[in-house]
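# A look at the structure
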Amino acid sequence: MNTFQRFLLAVIFLSSFMGVVAKDIVNGEVWLDTSGNPINAHGGGILYHNGMYYWYGEYKKGETVLPDWATWECYRTDVTGVSCYSSPDMVNWAFEGIVLPAVPDDTDHDLHPSKVLERPKVVYNAKTKKFVMWAHVESADYSKAAAGVAVSDSPTGPFEYLGSFRPNNAMSRDQTIFVDDDGKAYQFASSENNQTLYINELTDDYLRPTGRYTRNFIDAAREAPAVFKHDGRYYMLSSGCTGWDPNKAELAVADSIMGDWTVIGDPSTGKDADKTFYAQSTYVQPVMGKNNLYIAMFDRWNKIDLENSRYVWLPISITDDKITIPWRESWNFDCINGED
C-alpha cells in the first residue's frame, strides 16, 4: 500500500468517525453534521432547491429556564437564531451557519435573546427569486402570538428580517408554509389561543396574507401543522396541545386547501404510537425523484434541556389510499419504497 492509499484510507476512516459519511436515519439519537457536531435545527422544515435540501430550524443553545412568572411549562432558551444545514441526500448535513441571528442590542426587537423564536420555515418564490422565511415570534410572556417574516437572495442567507404581524388580525403560533403546484403559498397556524387552526392565503410575493383565510378544527386544540400533497389531495398532520409533553397525532385530508378538512385519525403505528413516538410533528418533506415517498419530521422535545432535544424522521406509508406512519428505530433510503 502506497502513501496515497494510506492517506485515503485515513480520510475515509476519519470521515466516518466524524459523521461525514452517514447512511442510516437512527431516530432519537444525536445526529451529527459533516463536521462532527450535533445538528441543532429544532421545530424546523426543509427546502429543496437546485438539487440540494436545506434544513432550517431553531438553534437552541444554552440553559433551559422556566420563568418565575410561568403558570404553565413554558420552558425556553435565549433566542440564538435560525440555523441552516445543506445536504444532497437528506442524510449527510453540512452546517451553513446561523442565517437569521438574534439581535442582542435591541430589547424591543422580535429577535432579542429574551424573546421567543419558533418553527421557522423557508420557501422559494419563483416570481421574485427570493427565499422567504416565516416563523412564530413571541414576546417573553407568549402574549404576542405573531408571525415574523424574513427574506434572502440565497438559501444560505443571510436573511433580512422584515418584521412581524398577526395574519388577518388573528393569533399565529405553531405554523408552517406550503407552496402549491400553481405557485400559491399558504400559512397554516395555530390561532385563537391554540383552539383553532387558520389557513391564510399569501400574496404573490409570499410576504403578507391576502385577507383570504379559513378557520379549521374550531375548539379542537390542534398545533404543530405539517402539510403535504399526494395524488391531488392535501394532507395535514398535527398534534394536540399538551405543552412540551407528547400526545396523539392526527391526520386530516381535503380536496382543496381552502375547502373542508376531514379528520381521518391517527396515522402512527407501532411502538409508542399513542404518544406519536414521544415526538411532535414539524414538517413533511417529499423525496425528490420518488413519486410516493414523503418523510414525516418530528421533534422529540427535552423540555428541561431543549438544546438536547432529538429528531424522529419516518417514511410515510401509502397503501391503497391508506396512510400510516409506522415506527422504525432506524432506516435508510435504500430500504423504503417509492416510485422512481
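Now for a quick tour of the structure. (Residues numbered from 1 in each chain as written. Predicted model: local features only at pLDDT ≥ 70, side-chain atom pairs only at ≥ 80, totals over all residues. Heavy atoms only, no water.)

Helix and strand content of the chain: 1 helix and 24 strands. Considering only C-alpha atoms, the chain reaches an extent of 70 × 55 × 40 Å along its principal axes. Out of the 340 residues belonging to the chain, those deemed buried represent 53%. Across the chain, the fraction of contacts at a sequence separation of at least 24, relative to all contacts at a separation of at least 6, is 49%. Carbon and sulfur atoms provide 49% of the accessible area of the chain, an area that totals close to 15100 Å². Averaging the locations of the 30 positively and 46 negatively charged side chains of the chain gives two centres separated by 1 Å. (Helix = DSSP H or I, 4+ residues; strand = E, 2+ residues; numbered from the N terminus. Buried < 20%, exposed > 50% of the residue type's maximum accessible area, 1.4 Å probe, protein only. Contact = heavy atoms within 4.5 Å. Areas by Shrake-Rupley, 256 points an atom, 1.4 Å probe, with all protein chains shown as cover. Lys, Arg positive; Asp, Glu negative; His and termini not counted. Charge placed at Lys NZ, Arg CZ, Asp CG, Glu CD.)

So, on to the nonpolar core. I46, W55, W93 and W313 are the most contacted members of the largest nonpolar core, which totals 42 residues. Looking at this core element by element, the count peaks at 5 residues for strand β20 (residues 294-300). With residues up to four places along the chain from it excluded, the contact list for W313 reads I25, N27, W31, I46, W55, M90, W93, I295, A296, M297, F298 and W331. Among the nonpolar cores identified, the runner-up in size contains 20 residues, and Y56, A102, L111 and Y161 belong to it. (Core = buried A, V, L, I, M, F, W, Y, C linked by side-chain atoms within 4.5 Å.)

Attention now goes to the sheet that holds strand β11 (residues 185-191). Taken in spatial order, the 4 strands line up as β10-β11-β12-β13 in an open sheet, and their pairing is antiparallel. Where the open sheet ends on each side, the last strands, each with one partner, are β10 (175-179) and β13 (209-216). For this sheet, the mean angle separating the axes of adjacent strands, direction not counted, is 25°. (Pairing = 2+ DSSP bridges. Axes fitted to C-alpha atoms, helices over the stretch in contact; angles between N-to-C directions.)

A few words on the packing of aromatic side chains. A full pass over the atoms with the stated rule returns 24 aromatic pairs. An angle of 85° between the planes, with centres 6.2 Å apart, marks the rings of Y56 and F159 as edge-to-face. Of this pair, Y56 sits in strand β3 (residues 52-58) while F159 sits in the loop between β8 (146-152) and β9 (160-165), placing them 103 residues apart in sequence. Note on Y56: relative accessible area 0%, which makes it buried. According to the relative accessible area criterion, F159 is buried, its value standing at 6%. By the ring-pair criterion, three or more aromatic residues cluster together here, those being W31, W55, Y59, Y85, W93, F95, Y311 and W313. Against the face of F165 rests R208, its NZ or CZ located 3.9 Å from the ring centre. (Phe/Tyr/Trp six-rings, centres within 6.5 Å; stacked < 30°, edge-to-face > 60°. Lys NZ or Arg CZ within 6 Å of the ring centre and 35° of its normal.)

Now for the pattern of salt bridges. By the definition in use, this model includes 18 salt bridges. Among the ionic pairs, D153 bridges to K130, the shortest N-O distance being 2.6 Å. One end of the pair, D153, is in the loop between β8 and β9; the other, K130, is in strand β7 (residues 130-138), with 23 residues separating them in the sequence. On the basis of relative accessibility, which here comes to 31%, the residue K130 falls in the partly exposed class. Across the salt bridge formed by D180 and K229, the nearest N and O atoms sit 3.0 Å from each other. Here K229 lies in strand β14 (residues 222-230) and D180 lies in the loop between β10 and β11, a separation of 49 residues in the sequence. For K229, a relative accessible area of 22% corresponds to the partly exposed category. Here the residues in one salt-bridge network are E73, D245 and K303, joined through shared partners. (Salt bridge = Lys/Arg side-chain N within 4 Å of Asp/Glu carboxyl O.)

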